[in-house]
Structure formats: structure tokens, C-alpha cells
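Residue-level structure breakdown
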Amino acid sequence: MLWDSPNRIMGTKHNSVGFKTRSPLSIFIVICLCCFFYILGAWQKSGFGKGDGIAVQMTKQTDCKIFTDLNFETHHNDVEIVEPSQPKAKVFKSCHVKYTDYTPCQEQDRAMKFPRENMIYRERHCPSEEEKLHCLIPAPKGYTTPFPWPKGRDYVHYANVPHKSLTVEKAVQNWVQFQGDVFKFPGGGTMFPQGADAYIDELASVIPIADGSVRTALDTGCGVASWGAYLMKRNVLAMSFAPRDNHEAQVQFALERGVPAIIGVLGSIRLPYPSRAFDMAQCSRCLIPWTANDGMYLMEIDRVLRPGGYWILSGPPINWKTYYQTWKRSKADLQAEQRKIEELAESLCWEKKYEKGDIAIFRKKVNDKNCRRKPASICESKDADDVWYKEMETCKTTLPKVTSANEVAGGELKKFPERLFAIPPRIAKGLVEGVTAESFQEDNKLWKKHVNTYKRINKLIGTTRYRNIMDMNAGLGGFAAALESPKSWVMNVVPTIANNTLGVIYERGLVGMYHDWCEGFSTYPRTYDFIHANGVFSLYQKKCNLEDILLEMDRILRPEGTVIFRDEVDVLNKVKKIAGGMRWDTKMMDHEDGPLVPEKILVVVKHTTPTKGDFEPLTNEMDHQHLDMLIWKILVIRPTLSRLGGRQLDKEPASTCRCTEYLGCGVGHVICCLLELAKESNRPRPGPREALDFSFFKELEMPRILKNKDRNRASRMSVICED
């Protein structure tokens, strides 16, 4: 140990000396390397280096289509998977067939319990919680997809609205005619039996309909809405309403034709529209007692009529000298009524601009400065847009103050279509809480992005396939503005518990109404092709039962209609679970900005109400044998033209088939979908009894629809499709 210790000491000293001699060199080398890599990094950052250019290009690459094998299904578990102890989704059965035309808040039996005074019994009277139906409203036997616009304006399938009473009641007035298995709408009305076009031409001689000054219109007591239907080709969007009364299904006919309409009445409750909403309103023999209740109904029209707007009255008492005997009223009575209407109009600051034949036209002045007569009373309410279940008042709604005699109260609007994206006056004046001109423009950009995403998901969006569209939580109307097209229209619903933006929507030249989604909507079943629900269920999840809202959506959605939900993932999981029992095909999708965004998209397609003999859905889990059986059922069991060497799809015309690209569907619908895809691919569509070889779909569309099934079968399939 004594001898070993000196050696260790000597070795340690030697190593210490060596370390000291190499230390400056090592430090120098490290410093040189650091400088080298610093210079190299700066050189690449300057743009001269290739490596960073490649990195930038990879960073900028956002086209996810190159990743063809990715599963775009969201990776969040459903509620029933996260909490397996909870019961499975409730399965909803079909309601009894007597509920085919069920309108929960306008049912006749309930209505008759209310007083008839001021049409109270025709207003909304919704069922209690105990009375609500918890089943799926069935479609009538033989229901089929409505005719596409513009053919749908003039024709409706009898099977969809099997009510003939109007064809008898209004035969002379050319409302509607029954021909074979369809209704034909010649465009006539009570006051324009020769057609709506000629009637509108006369109006246009006084009202600037052609130049875009008039965009939104209101039809009170609309009948089958031919006035609104024919205004559409003049780029005027009319909101029509009529009660559910002895004129059976008039609003249902209007919506089946593809015209905006709701069940409604001028009674005791304010109309569900904001103040200063419409450029034009009309009563064409609407039989509303305008002089009753000291002119209360005319005052309600004044509330919703825009400064500078027009009111048209055709029918009693106008032209009473000609019609007093037909109307079975005395000359004195009719003359007194017309005089009273004109006095009321003058007190509302309206001016009569035209009277000829059956038509009188009044114009509301642009502000209150030049009124000849002061109204009997001014409404005390500070919010003229607070209307939901609020009683009408016999008073004039005040207009916003102006500084000059020529200034338009509330702000002047651009002509349409410029007004669609112009800053609405309510926003420019700071009247909408939390919304500025900048945030309005950002909202427009956002919804253009969202709508483009929807169109990539479903290529039928923007076509005549989806004519009647509803936005359940419309916000500033950005969704409808991004979709604006003559091929469709959007009912912009502003929930009564949401920020009140409906006035902005009307200032953009769009239409809509207020509504509380805890109650039934004022429409017939099967009246909308496409429903958009943005944030609706987050808004209402603590207000009412989500199941009730979904059942109401199912009621108003047409068979094979589509719903797109946009909401927080946890809320959508609840929605998806309930929808699982409603014969809805569902698919959850990530937000446009990626899977890390908590907001998701849920896409739904409603099944046709099952009837005996319906085909089972084609799903990813279906095995080859099951698929073979379904194809065999269509192509072999049901041949009607086998002697021609092919097979016909019996009673399943291609024109009524709709297939969404990302969802499974019946085999019959798959075949018809392929025919539609052939049309989209600019290939000739097969005519009656003409064979179509499906081989070209093998590489293009068939694998995407049949997934991993026997794709070689596609090349051997041929079918005869009869239009």
C-alpha cells in the first residue's frame, strides 16, 4: 500500500498535466464548430440553402388528399363507448299514419279549445311535455322526391300532398289543377286568375322591382304562394304565410313547390320578424280585417315594412264599385272601409301612390319628418324586435331618428345583390352587440370556408337537389350568403335565446324568422331538403330535451334529406347517440383545421321511412354473401324486362334515387347513384330500356361505394334503368 500510493499520485499528476496542455485546443475546436454551424444556419435562413427550402415546402404542403389511406373518422369515442354502463340508444318507432301531416303547434283539435276572437285559435298552441310525440312522423304512401326547381314551381306529386280540396274550391281562380298523379300550378290567384306574371308586371310599373331596390317581400294570406314563386325569377325573395285552416295544405303546397312559407296568421301575437324587414308587402284578397281593432293589423305591417317600402292591397274593398254585389256587401259599407284604410295609412306616414282596377299601392315614407298626420299613439316599447309571443299593440312603431328630411331612417340599403356583402346599417351604427364591421367581414370569410368544406363533403350542395334549406342558428346570415343561388333559398332561423341578429339578415337581402327550438316549428312535415345546425345543441342542451329537437328536425326533414351539425365534440356525441335510433346514417368528421380542434362536423342522411319490401342498408360491415343476396334480389327476383337481355329496377326510377358519397345506402340506390355519377362525369345517361355497362365505374366510383367488396363484380354488372 505504501509503495502503491506514490505511483497513483504520479499517474494523477501526469494526467493532470496532459489535460492542461490539451484544454485550450479542445476549447478552440468547440468554438470553431459553433461558429461554423451558426454561419451555416444563417446562410440557409437567407434563402440560399436548399435544405431549408425543402423544409418550407413540406411545411406549406396542406393538401391532405395525398394521404389516400388515412382514416378521416374522428378519434373521439362515442358516449356509449366511454360510458358502457349507460343504456344503448333509444330506438324510435314510426308514429301512426294519422300523424302524416302533424304540425305540433297548429293541430286542429287543440286549436278549437281556444277563442276565435282575433284568430287566437289559429295561432301557435304547442303541446305540453306529456302531449309531445316521441316517434318518427311517417311519409304518405308513395312519397317521392319533389320535382327540381324550376319545374317544381309548377308541379307537385299528388302522393306527397294528397289533398284535392283546393282544386275544387279554387278551380275558377287557377290556383291548382289535378292532372293524373300530379298537381299543376298555372300561376293564378284569386286577384290574378290570368297569372302572377301579368300581376307582377303591373306592380313593377310603380314599384322598382327590376333594379334590385326591392329584394325582400311579405305575402300575408298567401294561398299556394304563386306570387312569391313568380317573384323569384325577378330576384325577389318573398316570405309567405297563411293559417292552417279550411284551405287545406296551402302552406304545404307552397313549400313543396320550393317557395319560402310558414304557417302563420295576423291574430293577437306579433309576427316573428324584426322591424324594418321587408321592402314590399302585399294582401291579395287575404281577407284580413285591416280596420279592425283600430287598425292594429296595419300597424303590425308598418312595423315590419322598411322605410320607403311598399304595401299592395288587391281585393276588398279596392274596386268596390265593380264587386260590391259579388262580395255581397253594400256600397256604403265598402266605401267607408276603404276610406278608413286610407286614413290609417296616412296616420302611419304612408302615401297612396297608385290605384287602378283591383290594385292599390301605398308607400311608407323614408322617415317621420314629413308625416302629414300624427298617429293616435306611439308604441312605448323600446325594442321593436322583441316579438316572440308578444301581443300586438294598437300603436305606431317609432322609426330611428334622422337629421335631414331626405335621410332614410335606420340607414339606406344597397341594391341587391350588392347589399348581400355590404356592411348592414344595424352593424355600421353599432346596434348589434359585439359585432363590428371588421368582425362582420371576418364572419363572411369564415362561412365561405365552411361552405366550401360542406361542398367537398357533399357535392349535391349548391345544386337543385337541395332547394329548401334551413339554418337553425343563422347568426349574421353568413351560411346563407355563401350559398346564395337561384337554385335554393335559406330559412334563416334566429333562436329566441341567441343574440338578436335577424334584422341584420334582412338588411342583407335574406329572409328568416325567430323561433324557440324547444317547440315545434311552424311548418308541415317533410318541407326541408337540407338543415344546417351550427352550435344549436350547445345553445339548448340546458334549456330543453335534445331528443325533442332531433325529433322535430326529423319531422321537417324530407326523406333522403341531409343535416350538417357543427358543434363541440362532446355535444355531437350525445346527438349521434340519439340519432342512432332515428334511422339516420351518421358520420363524424374533423374540423377543417384539423383533428385537434374540439369543434367537429356531424353529417346525417335521413332514411326513407321503411315500408314492406324496402332494401336493407349497405354498410361497411356487410359481407360478400349479404351483398350478393341484395344484388340478386334487385337484378334477378324483380326483373320485368328480362326478355331484353337486361334487368329493370322495378318501381325505383333513377330520378328519385339519391346517394351520398360517404354513406352506405341500399343497393338500388347505389345503382342509381352510379347513374347520377355517370351524368356528372359527362357520360351519356341511359335512356329507357337502354343497357348501361358499369365497367367504367370500376376504377372511378364503384370501389369508393362498395369499399372492400368484390370489385370485379362491377365490371360484369349491367342494368336497364327506366326513367
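Please read these numbers as outputs of a predicted model, since none were measured by experiment.

Glancing now at the overall build of the protein chain. Along its length, the protein chain carries 23 helices and 19 strands. Buried residues in the protein chain amount to 51% of all 723 residues. Once local pairs closer than 6 in sequence are excluded, the contacts in the protein chain between residues at least 24 apart make up 69%. Of the roughly 35300 Å² that the protein chain leaves accessible, carbon and sulfur atoms contribute 54%.

Our focus in this paragraph is helix α19 (residues 569–579). For α19, a buried count of nine out of 11 residues is recorded, marking the element as mostly surrounded by other parts of the structure. Within α19, the full set of buried residues consists of Val569, Val571, Leu572, Asn573, Val575, Lys576, Lys577, Ile578 and Ala579.

Next up on the list: the sheet that holds strand β1 (residues 155–157). The strands that make up a sheet pair up through hydrogen bonds in the backbone, lying either parallel or antiparallel. With antiparallel pairing, three strands are arranged side by side in an open sheet as β1-β3-β2. The strands lining the two open edges of the sheet, one partner per strand, are β1 and β2 (177–179). In this sheet, adjacent strand axes meet at a mean angle of 30° when their direction is disregarded. The pairing of β2 with strand β3 (residues 182–184) spans three bridges and is classified as antiparallel. Residue pairing for β3: Gln177 is matched across the bridge by Lys184.

On to the nonpolar core, then. Counting 133 residues, the largest nonpolar core has Trp227, Tyr273, Trp290, Trp311, Met553 and Phe565 as the members making the most contacts within it. If sequence neighbours within four positions are ignored, Phe565 has contacts with Ala533, Phe537, Leu550, Met553, Leu572, Val575, Trp584, Lys600, Ile601, Leu602 and Val604. Val156, Leu166, Val224 and Phe253 belong to the second largest nonpolar core, which has 10 residues in total.

So, on to unusual backbone geometry. Trp149 connects to Pro150 through a cis peptide bond whose omega is 10°. With respect to the helices, strands and loops of the structure, Pro150 is situated in the loop between α4 (108–111) and α5 (151–154). In this model, Phe416 is joined to Pro417 through a cis peptide bond whose omega is 10°. Tracing the backbone through its elements, the reader meets Pro417 in the loop between β10 (359–364) and α13 (425–428). Here Ala225, not a glycine, exhibits a phi torsion of approximately 65°, which is positive. A positive phi angle, near 70°, is found at Glu560, a position not held by glycine.

Our focus in this paragraph is the sheet that holds strand β13 (residues 511–515). Taken in spatial order, the seven strands make up an open sheet running β13-β12-β11-β14-β15-β17-β16, and their pairing is mixed. Edge positions in the sheet fall to β13 and β16 (584–589), since each of these pairs with one other strand and no more. Looking at each pair of strands side by side, their axes are set apart by 20° on average, direction ignored. Where strand β11 (residues 468–471) and strand β14 (residues 528–534) come together, three bridges link them in parallel fashion. Opposite Met470, over in β14, you have Ile531 as the bridge partner.

Turning our eyes to something else, we now look at the pattern of salt bridges. Following the criterion strictly, the structure yields 35 salt bridges and no others. Of the charged contacts, one joins Asp302 and Lys396 as a salt bridge, the two residues approaching to 3.2 Å between their closest N and O atoms. Taken together, the positions of Asp302 in helix α10 (residues 296–304) and Lys396 in the loop between β10 and α13 put the pair 94 residues apart, joining distant regions of the chain. Between Arg426 and Asp385 there is a salt bridge, with its nearest N and O atoms 3.6 Å apart. Linking Arg426 in helix α13 with Asp385 in the loop between β10 and α13, this pair joins segments that are 41 residues apart in sequence.

What follows is about helix α7 (residues 196–204). Every buried residue of α7 is accounted for by Ala196, Tyr199, Ile200 and Leu203. Seen along its axis, α7 keeps its buried residues to an arc of 95°; they face one direction. Where the residues of α7 are buried, they touch α8 (226–231), β7 (278–284), β8 (305–314) and β10.

Let us now look at the environment of Glu568. Among the secondary structure elements, Glu568 is positioned in strand β15 (residues 557–568). Taking the relative accessible area as the measure of exposure, Glu568 reaches 35% and is therefore partly exposed. Residues Glu568 and Val597, 29 residues apart in the sequence, show an inter-C-alpha distance of 9.1 Å. In this structure Glu568 touches Ser538, Pro598 and Glu599, once residues within four positions along its chain are discounted.

On to the packing of aromatic side chains. The tally for this structure, following the rule as stated, stands at 23 aromatic pairs. For the pair Trp290 and Trp311, a centre-to-centre distance of 5.2 Å together with 80° between the ring planes defines the contact as edge-to-face. Taken together, the positions of Trp290 in the loop between β7 and α10 and Trp311 in strand β8 put the pair 21 residues apart, joining distant regions of the chain. When sorted by exposure, Trp290 lands in the same class as Trp311, which is buried. Taken together, the ring pairs in this structure connect Tyr158, Phe178, Phe183, Phe185 and Phe253 into an aromatic cluster. Cation over ring: Arg215 sits above Phe416, and NZ or CZ is 3.7 Å from the ring centre.

A word on the state of the cysteines. Enumeration over the complete set of coordinates arrives at six disulfides. Two residues, Cys95 and Cys135, share a disulfide whose sulfurs are 1.9 Å apart. Looking down the S-S bond of the Cys95 and Cys135 bridge, the torsion is 105°, so its handedness is right-handed. Within this pair, whereas Cys95 is found in the loop between α3 (79–82) and α4, its partner Cys135 is found in the loop between α4 and α5, the two being separated by 40 residues in sequence. You can call Cys135 buried: its relative accessible area is 18%. Here Cys518 is linked by a disulfide to Cys544, with a sulfur-sulfur distance of 2.3 Å.

Summarising the element assignment, Lys606 is placed in strand β17 (residues 599–606). Judged by relative accessible area, which is 4%, Lys606 ranks as buried. Among all residues touching Lys606, those that are not within four sequence positions of it are Asp554, Leu557, Arg558, Pro559, Glu560, Gly561, Arg583 and Trp584.

This brings us to the environment of Phe241. Inspection of the secondary structure assignment puts Phe241 in strand β5 (residues 237–242). Filtering out sequence-adjacent residues up to four positions away, Phe241 remains in contact with Leu218, Asp219, Thr220, Gly221, Cys222, Ile262, Gly264, Val265, Leu266, Leu271 and Tyr273.

On to the pairing of β13. Most of β13 sits inside the fold, with five of its five residues counted as buried. Of the two faces of β13, the one carrying Val511, Met513 and His515 and the one carrying Gly512 and Tyr514 are both buried. Inspection of the sheet shows strand β12 (residues 489–495) paired to β13 by five bridges, in the parallel sense. Residue Val494 lies in a different strand from β13, and its bridge partner there is Tyr514.

Rules used throughout
- Residues numbered from 1 in each chain as written.
- Predicted model: local features only at pLDDT ≥ 70, side-chain atom pairs only at ≥ 80, totals over all residues.
- Heavy atoms only, no water.
- Helix = DSSP H or I, 4+ residues; strand = E, 2+ residues; numbered from the N terminus.
- Buried < 20%, exposed > 50% of the residue type's maximum accessible area, 1.4 Å probe, protein only.
- Contact = heavy atoms within 4.5 Å.
- Areas by Shrake-Rupley, 256 points an atom, 1.4 Å probe, with all protein chains shown as cover.
- Pairing = 2+ DSSP bridges.
- Axes fitted to C-alpha atoms, helices over the stretch in contact; angles between N-to-C directions.
- Core = buried A, V, L, I, M, F, W, Y, C linked by side-chain atoms within 4.5 Å.
- Salt bridge = Lys/Arg side-chain N within 4 Å of Asp/Glu carboxyl O.
- Arc of directions from axis to C-beta.
- Phe/Tyr/Trp six-rings, centres within 6.5 Å; stacked < 30°, edge-to-face > 60°.
- Lys NZ or Arg CZ within 6 Å of the ring centre and 35° of its normal.
- Disulfide = S-S within 2.5 Å.

Any link to function would need more than the numbers given here.
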